[in-house]
Amino acid sequence: MNVTLAVKQYISKMIENSGPGMKVLLMDKETTSIVSVVYTQSEILQKEVYLFERIDSQSRDSMKHLKAICFLRPTKENVEHLIQELRRPKYSVYFIYFSNVISKSEIKALAEADEQEVVAEVQEFYGDFIAVNPHLFSLNLQGVARGRSWEPSMLSRCTQGLTSVLLALKKCPMIRYQLSSDMSKRLAESVKQIITKEYELFDFRKTEVPPLLLILDRSDDAITPLLNQWTYQAMVHELLGLNNNRIDLSRVPGISKDLREVVLSAENDEFYANNLYLNFGEIGTNIKNLMEDFQKKRPKGQQKLESITDMKAFVDNYPQFKKMSGTVSKHVTVVGELSRLVSERQLMEVSEVEQELACQNDHSNAQQSVRRLLQNPRLSELDAVRLVMLYALRYERHSSSILPSLMDELSRRGVSERHRRMVQSVVEYGGKRVRGSDLITPTDAVAITKQFFKGLKGVENVYTQHQPLLHDTLDQLIKGRLRDGQFPYLGASSLRDRPQDILVFVIGGATYEEALTVYNLNRTTPGVRIVLGGSSIHNTKSFLEEVMLTTGHSTGGDRAHGSGRHGNRR
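Report follows, based on the coordinates. (Residues numbered from 1 in each chain as written. Predicted model: local features only at pLDDT ≥ 70, side-chain atom pairs only at ≥ 80, totals over all residues. Heavy atoms only, no water.)

**Topic: the overall build of the chain**
And step 1. From N to C terminus, the chain includes 20 helices and 18 strands.
And step 2. Burial analysis of the chain (570 residues in total) assigns 54% to the buried set.
And step 3. Of the roughly 26,300 Å² that the chain leaves accessible, carbon and sulfur atoms contribute 50%. (Helix = DSSP H or I, 4+ residues; strand = E, 2+ residues; numbered from the N terminus. Buried < 20%, exposed > 50% of the residue type's maximum accessible area, 1.4 Å probe, protein only. Areas by Shrake-Rupley, 256 points an atom, 1.4 Å probe, with all protein chains shown as cover.)

Pasting the structure below:
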């Protein structure tokens, strides 16, 4: 159940199939992202792929000495581009791989266009998703809903993405979905339809316990994507923005030219892989150790290079040294910028109040804390608004709610009307009326006892008390206690045994905090393997954009999407 490995194996197989010789990799906008997240350019160069081109580029030269490997989504546009390409081929031979199921009629159209017989093979390799971490994937879609219904093209793209993950992992699952969300049911039915239609593709060796696909809706937990984060990957995405593993640092004060955009990939950055899920304090210590290690390994002046042996040793170690130097400067820069933002925006104080709002049930304390912070002139507009949003979600129906006066306070601070409108939109998106689960823990005797014991033991970290709703949902699912009434099975059959392979998909986007939950559950629950996916991976800004698109209050924001729908299949 490793999505990164699945995509890497597909790409390696494509390159192997084309045999020795110089190659060009022809991709579209989406498959370029799919490939770049799992492989670096230098890794692919080592496999004799010397050129990377877009199928829709008008300025490609004819290079008959190159073989073309085409990795494309099966969209009408891409098929049309391929037809034009095959009529006037620029390369000697074509190996064509679609990232999902392609119709027979489109295969026929390609065959008819291939008059010069340059196509060596056409196959389906199901890498139709972005493999972010081994247990986390995204479809990079923004604005999947209109109100409580699907944006039509998005339903089709999410169905394709999900079925492709199932095919890549070789799973034919039973499906459960969130009853309170009509969109979850629609997606469950749509995925089931493809599994039924393409039954030959899904004919995998039966396992004792069938895999399970659980479809959830983001609106059931609007609190998680609003919280500041304190583990490395989540924090980078929240404060700097991770886009296909890339971070734009061009706005960082005094940034050097070669660090304006950096790549953070656990696949080929050992420090990042080891620190992904550690908290900010630990990362600071590890950065210091990395620096010290680097200082020790650094060649000290010229005094050592006296003999040929010394020089040879230096040259042999130089690539490793250079790589280490790049890693050190990159992480020192990223952590330095996170640190600057934490102090500039006073995020320790902000986060403490956020956690209090998300995890505790003390209205009088909560309102005082929020009021106090809103008086602070150093609080950023986004942080002020998210505190009011968390308050609005947490105490939505509280008899002494002070929401109107908090909204007045936002006006007095000069918060833009767009941001103020978002408070109402978030409640409309994920408020009590919409939720199917009890996001806000009731203060019954059991809950109070739990809180008391938590208090006795001392919270490990005041900034990371919050557990996403997904943690409870998966915990219940693993223990066989997830209620059929809230999460029914699609179809007549149900799972009698404890599930082993679980694929969770969140319509409206998952978060890195939820990915951390899944990572920890995988680590601590023997025999259970969970993969998490979402229509996107949100930070607060992208989540608010999703909310505005869904509730129809967006100021034009773009909906990102792709579409599409037998050659030989893998």
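**Some points on the packing of aromatic side chains**
And step 1. Per the counting criterion, the structure on display carries twelve aromatic pairs.
And step 2. A centroid spacing of 5.8 Å and a plane angle of 70° characterise the contact between Tyr232 and Tyr272, whose relative ring orientation is edge-to-face. Of this pair, Tyr232 sits in helix 8 (residues 232–239) while Tyr272 sits in helix 9 (residues 270–275), and the two are 40 residues apart along the sequence. By the burial criterion, Tyr232 is buried, and Tyr272 matches it.
And step 3. Put simply, the rings of Tyr10, Tyr97 and Phe125 touch in pairs and so form one group of aromatic residues.
And step 4. Between Lys8 and the ring centre of Tyr39, over which it is positioned, the NZ or CZ distance is 5.0 Å.
And step 5. When the ring centre of Tyr395 is taken as reference, the NZ or CZ atom of Arg394 above it lies at 5.4 Å. (Phe/Tyr/Trp six-rings, centres within 6.5 Å; stacked < 30°, edge-to-face > 60°. Lys NZ or Arg CZ within 6 Å of the ring centre and 35° of its normal.)

**A look at the side chain of Lys23**
And step 1. Following the sequence through the fold, Lys23 ends up in strand 1 (residues 23–27).
And step 2. A relative accessible area of 1% means that Lys23 is categorised as buried.
And step 3. Side-chain polar atoms of Lys23 contact the backbone oxygen of Gly21, separated by 2.8 Å.
And step 4. Once residues lying within four places of it in the same chain are set aside, the contact partners of Lys23 are Ile15, Ser18, Lys47, Glu48, Val49, Tyr50, Leu51, Leu66, Lys67 and Ile69. (Polar contact = N/O pair within 3.5 Å; in protein donor to acceptor, adjacent residues only side chain to side chain. Contact = heavy atoms within 4.5 Å.)

**Here we look at empty space enclosed by the protein**
One way to see where empty space is left: roll a probe the size of a water molecule over the atoms.
And step 1. There is about 110 Å³ of room inside the largest cavity.
And step 2. The set of elements that each furnish at least two residues to the lining of the largest cavity consists of strand 11 (212–217) and helix 18 (469–478).
And step 3. Ranked by residues supplied to the lining of the largest cavity, first place goes to helix 18 with three residues. (1 Å grid on protein atoms, 1.4 Å probe; cavity = no way out; pocket = protein on both sides within 12 Å on 5 of 7 lines; lining within 4 Å. Points joined across faces, edges and corners; volume = space filled by probe spheres on them.)

**Overview of the environment of Val101**
And step 1. Relative to the assigned elements, Val101 resides in the loop between strand 4 (93–98) and helix 5 (104–113).
And step 2. According to the relative accessible area criterion, Val101 is buried, its value standing at 3%.
And step 3. Considered as a pair, Val101 and Leu201 are 100 residues apart in the sequence and their alpha carbons are 9.8 Å apart.

**Description of a positive patch on the surface**
And step 1. Side chains of Arg148, Arg397, Lys432 and Arg433 sit close together on the surface and give a patch of like positive charge.
And step 2. Tracing the chain through its elements places Arg433 in the loop between helix 16 (417–430) and helix 17 (445–457).
And step 3. The exposure class of Arg433 is exposed, given its relative accessible area of 66%. (Patch = residues over 30% accessible without salt bridge, like charges linked within 9 Å, V, L, I, M, F, W, Y side chains within 5 Å. Salt bridge = Lys/Arg side-chain N within 4 Å of Asp/Glu carboxyl O. Lys, Arg positive; Asp, Glu negative; His and termini not counted. Charge placed at Lys NZ, Arg CZ, Asp CG, Glu CD.)

**Overview of the pairing of strand 1**
And step 1. Among the five residues that make up strand 1, five are buried, leaving the element largely enclosed by the rest of the structure.
And step 2. Neither face of strand 1 is open: one carries Lys23, Leu25 and Met27, the other Val24 and Leu26, and all of them are buried.
And step 3. Two elements, strand 1 and strand 3 (residues 67–72), share five bridges in a ladder whose sense is parallel. In the sheet register, Leu26 faces strand 3, and the bridge partner there is Cys70.
And step 4. As paired elements, strand 1 and strand 2 (residues 49–54) share five bridges and run parallel to each other. The residue of strand 2 that forms the bridge with Leu25 is Phe52. (Pairing = 2+ DSSP bridges.)

**Here's the deal with the pattern of salt bridges**
And step 1. Applying the stated criterion across every chain, the model contains 27 salt bridges.
And step 2. Among the ionic pairs, Arg340 bridges to Glu337, the shortest N-O distance being 2.8 Å. Taken together, the residues span about one helical turn, with Arg340 and Glu337 both in helix 11 (residues 308–344) at a distance of three residues.
And step 3. Residue class for Glu337 comes out buried when judged on its relative accessible area of 6%.
And step 4. Between Arg529 and Asp501 there is a salt bridge; the shortest N-O distance is 2.8 Å. Taken together, the positions of Arg529 in strand 16 (residues 529–534) and Asp501 in strand 14 (residues 501–507) put the pair 28 residues apart, joining distant regions of the chain.
And step 5. Overall, the relative accessible area of 44% leaves Arg529 in the partly exposed class.
And step 6. What emerges from the salt-bridge pattern is a single network uniting Glu238, Arg345, Glu354, Asp383 and Arg386.

**So, the packing of helix 4 (residues 76–87) against helix 5**
And step 1. Orientation of helix 4 relative to helix 5, taken along the N-to-C sense of each, is 15°, at an axis distance of 8 Å. The pairing of helix 4 with helix 5 is recorded here as roughly parallel in orientation. The handedness of the crossing between helix 4 and helix 5 comes out as right-handed. From helix 4, Lys76, Val79, Leu82, Ile83, Leu86 and Arg87 reach across to helix 5, where they touch Glu106, Ala109, Leu110 and Ala113.
And step 2. Grouping the constituent residues of the contact of helix 4 with helix 5 by class yields seven nonpolar, no polar and three charged. (Axes fitted to C-alpha atoms, helices over the stretch in contact; angles between N-to-C directions. Parallel < 35°, antiparallel > 145°, perpendicular 65-115°, else oblique. Left-handed = near helix turned anticlockwise from the far one by under 90°. Nonpolar A, V, L, I, M, F, W, Y, C, P; charged D, E, K, R; others polar.)

**Remarks on the pairing of strand 14**
And step 1. For strand 14, a buried count of seven out of seven residues is recorded, marking the element as mostly surrounded by other parts of the structure.
And step 2. Burial along strand 14 is two-sided: the face carrying Asp501, Leu503, Phe505 and Ile507 and the face carrying Ile502, Val504 and Val506 are both buried.
And step 3. Pairing between strand 11 and strand 14: six bridges, direction parallel. Residue pairing across strands places Asp217 opposite Ile507, the latter belonging to strand 14.

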